[in-house]
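Working through the structure, step by step
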Amino acid sequence: MSENTTCACTSTKAAVEYLNSVEYKEKNFARKALSINPAKACQPLGALLCALGIEGCLPFVHGSQGCAAYFRNTLNRHFREPIPTVSDSMTEDSAVFGGQNNLIEGLKNAYQVYKPSMMAVFTTCMAEVIGDDLNAFINNARAAESIPKDFPIAFAQTPSFVGSHITGFDNMLKALLQSLADTRHGKWTNGRLYLVPGFDTYPGNLREYKKLVRAMGIPLTVLPDAEEAMDAPHTGEYNMYPKGTTMAELADALNASGFIFTQKFSTSGTYKFVKNVQKINTEMVTMPIGIKNTDNFLMALSEMTGKPIPAELEKERGRAVDSATDAHQYIHGKRFAMFGDPDLLLGLTGFLLEMGGIPVHIVCTNGTEAFRKELQKVLDGSPFGKEATVHTGRDLWHLRSLLMTEPVDMLLGDSHGKFDAKDANIPLVRIGFPIVDRVNMHRSPIVGYEGAINLVTMIANTFMEQTDRTCPDRFFELLR
Amino acid sequence: MAEQETPKYTPATPEMVDEVLSAYPDRAKKMRAKHITVKTEGCASCSVKSNSKTVPGLMTARGCAYAGAKGVVFGPVKDMIHISHGPVGCGYYSWGNRRNLAEGELGVNNFVPFQFTSDFSENDIVYGGDKKLEQICREVKELFPTVKGISVMSECPVGLIGDDIESVSKKMSKELDLPIVPVRCEGFRGISQSLGHHIANDAVRDHLLGKKEREEEVGPYDVSLIGDYNIGGDAWASIKILEEMGLRVRNVWTGDSTIEMLQTAHQVKLNLIHCYRSMNYICKHMEETYGIPHMEFNFFGPTKIKQSIRAIAARFDETIQEKAEAVIAKYEPMMQAVIDKYRPRLEGKKVMLYVGGLRPRHVIGAYEDLGMEVVGTGYEFAHKDDYDRTMPMMGDNTVIYDDVTAYELEEFVNRMKPDLIGSGVKEKYVFEKMGYPFRQMHSWDYSGPYHAYDGFPIFARDMDIALSSPTWGLAKAPWKKETVKEVR
């Protein structure tokens, strides 16, 4: 044992006690170089999810083929859906000579065999480190007639050593608009609202957005719309290119009557491009999780379009509020820890606060200082937010120390949280990505009024289930 | 519920393969044709090219050297900390995804469900990651004083920016008095997971094997179980048989294993190797260097298990041989009961496989025990010696495909119409959408174990679940007119 440790780890029990101690927490938070169970993936995964939202688009990974296999099976496991993606399988010789030959041959083969309407090319860190020039390579591929001269391709640089999967989503989306959207026709608009959901792994959320916007009578394009790619109906046939945002809708995107972004941190580059460069009527809202965030979303839509919020949505709102008041006693005063992507946490915090829940530990591995400030503002706006600390750049091993030293009642986050939750002996309600140990969690929305009802249901019922499973026999009763 | 359609199975023909490949551009067609064959009578043309580069742009299921080294070989060693050295993704995607079960206290003597990474930023790419790696090693020791060793699993950028992980490992190993193993498994090396296995085997050879001696003398029945990664508890099921035979399983490589098992594996009498592909290198090394013989065996399905038990026992004396017969006698009636239950339901069903490692050939016997026939099989990353072992096991008019592309496999299935497909998660939902019963044969579809006598009843049950699920009959809405599906 090295001298700088204070653990007298003579037994497993002693070692565990050390891991659970306050002293350990301090050491744990002092580490600078080692990352342990970080809740973030790398850029190309986000780029791939983005590409899946364009109808007829084949995602194309420029770099090492192992990356493509990893992105695919990570998404396969969460959605339980096929994830078609090709790569140009760069190997050691490409590391020396560059990946141009692989890209040219790969485009040709993929084009001929899989007959896509377009391809979205993005990079792995191998191609980024050797400095491959995608623009030149793709032009050379066209010149070599590997693909037709006018075949639509969008390409994005998605280095995995910058940002996280949400950065990759943003980069790919911006690239789609920059490469494949037609130039704006001055003041003329196509009368359609474009809704950008961001890195959202809930097809149920996209369906909910469509339902709400359509209820308001607003012509809508979701960009990108991976709803069907994430949740394709079983018909007995496999369709490699399910419905999504059409190429025509993508081409016409900059003529939109408006853009609404329902996440703030997963699409910030695209937002700036649309609002500041293209000067399109653009709104950005907090992910509409919970009643108030959904209210704000609908009011923003109404303001942008001049359309009133219809009575049917007011009724829906009423039902969601009813579910919240019906269940308030099960959530009020309960202490929560949560982790996940910035936008998810921002929305989820709003929801917890309006239920009287108390967020305590909020861990966001891929959160920035701007995110921390914004979330702090939300917390400061509620008496229930006083106990919370926002930890950006921290990981799930930090979270474990927090849970062991300052206990809470429940953890909210993706499946990776199950080990921390087990050690802390608290339930994990699975929200976020990836969820790989439960079925169908992605199919029901967590946004909108419907999503609020679902969250209330999941959280309150989990507490009641826990009471039933753990209470002494004499307290086991019919009513809860 | 609609009646399930009876699939019209059609055996493979060389013409079928030509037809499928005709969709490719010339160069791709020429390359791919060498990797696919239909075994015909006499088997004159029975060979496939393997272990060569994947054709760019054709959807491959293959992974990379890192996946082979960290994901397969090192990842399951439970009391070591495996650092995914480079950007965050590789460690994230391989985090908990291979079902290597391990017994132990998390954070104390079991680190398998963790993801440790140096999470490279742009600065690390520009200035190099060696200093960071030193710091990481110190932090590992500080935060996990009970850890028994560290492995440094390089990701692509590490090899490209010229970091010297070997020097850092050597230096820190001395400073921390801890084995630290540098593993040069950058994803661009080689053409699949396979080179990663080899690199990892070499790293074990150079840095761990023989570096420690168990004080106890080597017993006459001491063996190592090599190439069992304890997917869903496979190794535990295999150990149970071997120990009931009277053997002492000293080491498992690497399911539920410890660093000591890697260091002291030169102190056994025999190496029993299940996954030949990923561990043959080190077995050959131990044979040459330490004179430890190795033998392949197969614990899938009662027929192969019985043969294997006898073959293993033949390497030992009568005590073991008698116990081996007793083990067979004990379990055979149980296995017969499983066969009696499931065989009538599964008899004659046709199976197509596409997996990695040992399974494309090793599971054939288990299917045959249930009366099922494997009519197509192939490997993601096999070499010639794997196919040499596979060909004799296949019947006539079966198709063998190496590094099959998504397009090829879909087209072969469309034309041959097997009853069941066994492959990976990337293939699963494609074929299930098409209405084909499917089992993941890498992860046992989150079930298992499938190895040994404990595994076979679960295997049989799972295949039956896949084939007889009433959910397949729900696909067609009753008001839809019956249409004959044309082959594309």
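Here is what the cut-offs are and how they apply
- Residues numbered from 1 in each chain as written.
- Chains lettered and ligands numbered in written order.
- Predicted model: local features only at pLDDT ≥ 70, side-chain atom pairs only at ≥ 80, totals over all residues.
- Heavy atoms only, no water.
- Domains from an automatic or database assignment.
- Buried area = accessible area lost by both parts, 1.4 Å probe.
- Salt bridge = Lys/Arg side-chain N within 4 Å of Asp/Glu carboxyl O.
- Polar contact = N/O pair within 3.5 Å; in protein donor to acceptor, adjacent residues only side chain to side chain.
- Helix = DSSP H or I, 4+ residues; strand = E, 2+ residues; numbered from the N terminus.
- Nonpolar A, V, L, I, M, F, W, Y, C, P; charged D, E, K, R; others polar.
- Contact = heavy atoms within 4.5 Å.
- Buried < 20%, exposed > 50% of the residue type's maximum accessible area, 1.4 Å probe, protein only.
- Pairing = 2+ DSSP bridges.
- Axes fitted to C-alpha atoms, helices over the stretch in contact; angles between N-to-C directions.
- UniProt positions renumbered as here; feature names shortened; annotations may be inferred.
- Disulfide = S-S within 2.5 Å.

1. Re the domain arrangement of chain A
Residue and element names in this part refer to chain A. By the assigned domains, chain A splits into domain 1 (43-180), domain 2 (193-313) and domain 3 (328-474). The straight-line distance from the C-alpha centre of domain 2 to that of domain 3 is 25 Å. In total, about 2,400 Å² of surface goes out of reach between domain 2 and domain 3, with carbon and sulfur atoms giving 61% of it. The partner of Lys 264 in a salt bridge is Glu 374, and the shortest N-O contact between them spans 2.7 Å. Seen at the junction of domain 2 and domain 3, the total is 15 residue pairs in polar contact (both at pLDDT 80 or more). Among the elements of the structure, helix H10 (203-215) and helix H14 (291-305) are those that each provide at least two residues to the side of domain 2 that touches domain 3. Considering every element that reaches the side of domain 2 that touches domain 3, the biggest residue donor is H10, with 8 residues. Tallied by class, residues from the side of domain 2 that touches domain 3 come to 13 nonpolar, 9 polar and 7 charged.

2. Points about the domain arrangement of chain B
Residues and elements named next belong to chain B. Domain boundaries assigned for chain B yield domain 1 (14-57 + 346-446), domain 2 (65-190) and domain 3 (222-337). For domain 1 versus domain 3, the separation of C-alpha centres amounts to 28 Å. Across the boundary between the two partners, domain 1 contributes 19 residues, which contact 15 residues of domain 3. Interface area, domain 1 with domain 3, both sides summed: about 1,400 Å², of which 55% is carbon and sulfur. It is His 362, Asp 369 and Trp 444 that lose the most area in domain 1 upon contact with domain 3, and together they represent 36% of the buried surface on that side. Remark: the boundary between domain 1 and domain 3 carries 3 salt bridges. With a closest N to O distance of 2.9 Å, Arg 277 and Asp 385 form a salt bridge.

3. Concerning the pattern of salt bridges
Where side chains of opposite charge bring their charged atoms close, a pairing between them can arise. On inspection of all chains with the given rule, the structure shows 67 salt bridges over all chains. One salt bridge in this structure joins Arg 415 of chain B and Glu 411 of chain B, with 2.5 Å as the shortest N-O distance. Taken as a pair, Arg 415 of chain B and Glu 411 of chain B lie in helix H18 (residues 406-416) at a separation of 4 residues, close to a single helical turn. The exposure classification of Arg 415 of chain B matches that of Glu 411 of chain B, with both residues buried. Look at the salt bridges and you will find they share partners, linking Glu 81, Arg 207, Lys 210, Asp 225, Glu 227, Asp 231 and Arg 443 of chain A together with Lys 433 of chain B into a network.

4. Remarks on the sheet that holds strand E2 (residues 57-62) of chain A
Residue and element names in this part refer to chain A. One open sheet holds the 4 strands; their spatial order is E3-E2-E4-E5, and the pairing between them is parallel. Taken across any chain shown, the strands that pair with only one partner, and hence form the sheet edges, are strand E3 (86-87) and strand E5 (153-156). In the sheet, E2 pairs with strand E4 (residues 118-123) via 6 bridges, with the strands oriented parallel. What sits directly across from Val 61, in E4, is Phe 122. In the packing of helix H3 (residues 43-51) onto the sheet, contacts are made with E2 and E4, and the angle to E4 comes to roughly 170°. Helix-sheet contacts for helix H6 (residues 100-114) involve E2, E3, E4 and E5, and the interaxial angle to E2 is about 155°.

5. A look at the UniProt feature "domain: Nitrogenase/oxidoreductase component" (unreviewed entry) in chain A
Per the UniProt record, "domain: Nitrogenase/oxidoreductase component" (unreviewed entry) is annotated on residues 42-463 of chain A. Secondary structure across residues 42-463 of chain A divides into 48% helix and 13% strand, with the first and last C-alpha atoms of the span separated by 34 Å.

6. Re the interface of chain B and chain A
The interface of chain B with chain A comprises 82 residues on the first partner and 82 residues on the second. Taken together, the two surfaces of chain B and chain A that pack against each other cover about 7,000 Å², and 64% of this comes from carbon and sulfur. Inspection of the chain B/chain A interface yields 6 salt bridges. Ionic pairing is found between Glu 92 of chain A and Arg 189 of chain B, a salt bridge with its closest N-O pair at 2.9 Å. Where chain B meets chain A, there are 28 residue pairs in polar contact (both at pLDDT 80 or more). With 8 residues, the top contributor of residues to the side of chain B that touches chain A is helix H6 (residues 130-143) of chain B. Per-class residue counts for the side of chain B that touches chain A are 46 nonpolar, 20 polar and 16 charged.

7. Thoughts on the state of the cysteines
Overall, the coordinates contain 0 disulfides over all chains when judged by the stated rule. For the unlinked cysteine Cys 364 of chain A, the closest cysteine sulfur is that of Cys 42 of chain A, found at 17 Å. For Cys 283 of chain B, which is in no disulfide, the shortest distance to another cysteine sulfur is to Cys 275 of chain B and amounts to 10 Å.

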